[in-house]
Amino acid sequence: MTGSENGEETLHVSIDLWYPDCWEIEVTKQVPVGFLGYGIYSTGDDVATLFTIYADDQETIAEGIEATNASEHVHSVSEMAPGFQRTTVPKPGNVVRELLVNHDGRKQISQPLTSRGFVCTGPIDIRDGREYWSLATNRDRETVQTRFEQVREEMNAEINIRSMEQRSRQPATNALPLDHLTKRQLEVLQLARKKGYYEHPKETSARELAEELNISTSTLHEHLHKVEAKLLGQNGLTRLS
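As a starting point, this report considers the structure included with it. (Residues numbered from 1 in each chain as written. Predicted model: local features only at pLDDT ≥ 70, side-chain atom pairs only at ≥ 80, totals over all residues. Heavy atoms only, no water.)

## As for the overall build of the protein
From N to C terminus, the protein includes eight helices and nine strands. Looking at the protein as a whole, 44% of its 241 residues qualify as buried. Long-range contacts, defined as pairs at least 24 residues apart, comprise 68% of the intrachain contacts of the protein with a sequence gap of at least 6. (Helix = DSSP H or I, 4+ residues; strand = E, 2+ residues; numbered from the N terminus. Buried < 20%, exposed > 50% of the residue type's maximum accessible area, 1.4 Å probe, protein only. Contact = heavy atoms within 4.5 Å.)

See the structure below:
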C-alpha cells in the first residue's frame, strides 16, 4: 500500500490554465485587474462565488467591475462590505474590493476538476488571462495526468502543470508561515526554492531567477528581502532551503 493510499501522503499539484468562455479570464485580458476566487457555492447551473478583485488603483477596479457586469455569463455582481472576511488570505494589488458574483456554472472549470478528485487548497488566482490553482489529491501521478487530459478534452482547456510533489505529514511546527506572504512573494519564494537558490552552493543566480520572472534583479532582491524579513523571526532562514 502506497503513502497516498493509506493517507500518509498527499499529492500537491500547482497548475495554470486557460479555457474558452471563462468571464474571469476574459476580464483580466481586457482590464489590468486580478481576481482571487474562493467560497464557491453551486446550485445546478448557477454558481455564486466570492471574489477579491485587485488592481493598482480605484479607477482600474471600477473598470474591472464594469467589465464583469457586462459579461454574458454573469448574472449579478454585489459588492461586499469592507472587512467582512476574518480570514488572512494574502491580498495582492494596491487596491482591493470584495465581490459576490452569481454566474453561469456551466462555463466554469471547477466542477470538472473537483469531480475528478482534486481539492482546491487555496484561493484561485486569475490574472493576465490565466488561472492559477493549487490542488491536492490522493491519486497517483499517472492518474492525475490522465484526469488532467480528460479535463483538457472536456473544456477545450490549456492546462500547464507547474509542479507536482508528494508530501508526507509533518508536525505543524516544521511548516513555514506562508500565509503571511503576498501571492507574488510566495511565487518568488517557491521559484527560488525550486531552482536551488537557497542551496549551498547556489544552483541558480538572482539574475537567472529575475529573468524567469520577467523582473529586474533589484526587484527580485526586494521581494526576497521582504519574504525573509517576514519568515526570519518565525522559522529562520535555514528553513527556506
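So that's the structure; there's more coming.
## Some points on the side chain of aspartate 104
Residue placement: aspartate 104 occurs in strand 5 (residues 95-104). With relative accessibility at 8%, the residue aspartate 104 sits in the buried group. At a separation of 2.9 Å, a polar atom in the side chain of aspartate 104 contacts the main-chain amide nitrogen of arginine 106. Ignoring any residue separated from it by four or fewer positions in sequence, one finds aspartate 104 in contact with Asp45, His73 and His75. (Polar contact = N/O pair within 3.5 Å; in protein donor to acceptor, adjacent residues only side chain to side chain.)

## Here's the deal with the environment of asparagine 69
Its place among the elements puts asparagine 69 in helix 3 (residues 58-70). A residue is classified by how much of its surface remains accessible, and asparagine 69, at 45% relative accessible area, is partly exposed. For the pair asparagine 69 and valine 101, spaced 32 residues apart in sequence, the C-alpha to C-alpha distance is 9.1 Å.

## Quick notes on the nonpolar core
By size, the foremost hydrophobic cluster in this structure holds 37 residues, and its most contacted members are Ile109 and Phe148. Apart from residues lying up to four places away in sequence, isoleucine 109 is in contact with Leu17, Tyr19, Glu131, Trp133, Val151, Met155 and Ala157. Of all hydrophobic cores here, the second largest spans 17 residues; its members include Ala206, Leu213, Ile215 and Leu224. (Core = buried A, V, L, I, M, F, W, Y, C linked by side-chain atoms within 4.5 Å.)

## Topic: the pattern of salt bridges
All chains considered together, the criterion is met by 14 salt bridges. A salt bridge links arginine 152 to glutamate 149; the nearest nitrogen and oxygen atoms lie 3.2 Å apart. Taken together, the residues arginine 152 and glutamate 149, both in helix 5 (residues 141-155) and three residues apart, mark about one turn of the helix. Among the salt bridges present, the one from arginine 162 reaches glutamate 187, with a minimum N-O distance of 3.8 Å. Taken as a pair, arginine 162 in strand 9 (residues 158-168) and glutamate 187 in helix 6 (residues 183-194) lie far apart in primary sequence, 25 residues in all. Residues joined in a network through salt bridges with shared partners are Asp16, Asp125, Arg127, Arg130, Glu158, Arg162, Arg184 and Glu187. (Salt bridge = Lys/Arg side-chain N within 4 Å of Asp/Glu carboxyl O.)

## Some words on unusual backbone geometry
Most peptide bonds adopt trans geometry, and most residues besides glycine take a negative phi value. In this structure, aspartate 128 takes a positive phi of about 50° despite not being glycine. Within the fold, aspartate 128 resides in the loop between strand 7 (124-127) and strand 8 (130-137). Despite not being glycine, asparagine 214 has its phi angle at roughly 60°, a positive value. Residue position: asparagine 214 is located in the loop between helix 7 (206-213) and helix 8 (217-232).

## Description of the packing of helix 6 against helix 7
Across the interface, helix 6 lies against helix 7 with an axial gap of 11 Å and an inter-helix angle of 130°. In terms of their interaxial angle, helix 6 and helix 7 are classed as oblique. Of the two elements, helix 6 crosses helix 7, and the hand of that crossing is right-handed. Facing Arg184, Glu187, Val188, Leu191 and Ala192 of helix 6, the residues of helix 7 in contact are Leu209, Glu212 and Leu213. (Axes fitted to C-alpha atoms, helices over the stretch in contact; angles between N-to-C directions. Parallel < 35°, antiparallel > 145°, perpendicular 65-115°, else oblique. Left-handed = near helix turned anticlockwise from the far one by under 90°.)

## Re the environment of glycine 34
Locating glycine 34 in the fold gives a position in strand 2 (residues 34-43). Accessibility expressed as a relative area gives 0% for glycine 34, which makes it buried. Between the alpha carbons of glycine 34 and threonine 52 there is a distance of 8.2 Å; along the sequence they are 18 residues apart.

## Looking at the packing of aromatic side chains
Scanning the model with the defined rule gives four aromatic pairs in all. For the ring pair phenylalanine 35 and phenylalanine 51, a centre distance of 5.5 Å and an interplane angle of 70° mean the geometry is edge-to-face. With phenylalanine 35 in strand 2 and phenylalanine 51 in strand 3 (residues 46-55), the pair connects residues that are 16 residues apart, well separated along the chain. Phenylalanine 51 sits in the buried class, given a relative accessible area of 2%. An angle of 10° between the planes, with centres 4.7 Å apart, marks the rings of phenylalanine 118 and phenylalanine 148 as stacked. One end of the pair, phenylalanine 118, is in the loop between helix 4 (110-114) and strand 6 (119-120); the other, phenylalanine 148, is in helix 5, with 30 residues separating them in the sequence. Both residues of the pair, phenylalanine 118 and phenylalanine 148, belong to the buried class. Aromatic ring contacts, followed pair by pair, group Trp23, Phe35 and Phe51 into a single cluster. The ring centre of tyrosine 132 lies 4.0 Å from the NZ or CZ of arginine 127, which sits over that ring. (Phe/Tyr/Trp six-rings, centres within 6.5 Å; stacked < 30°, edge-to-face > 60°. Lys NZ or Arg CZ within 6 Å of the ring centre and 35° of its normal.)

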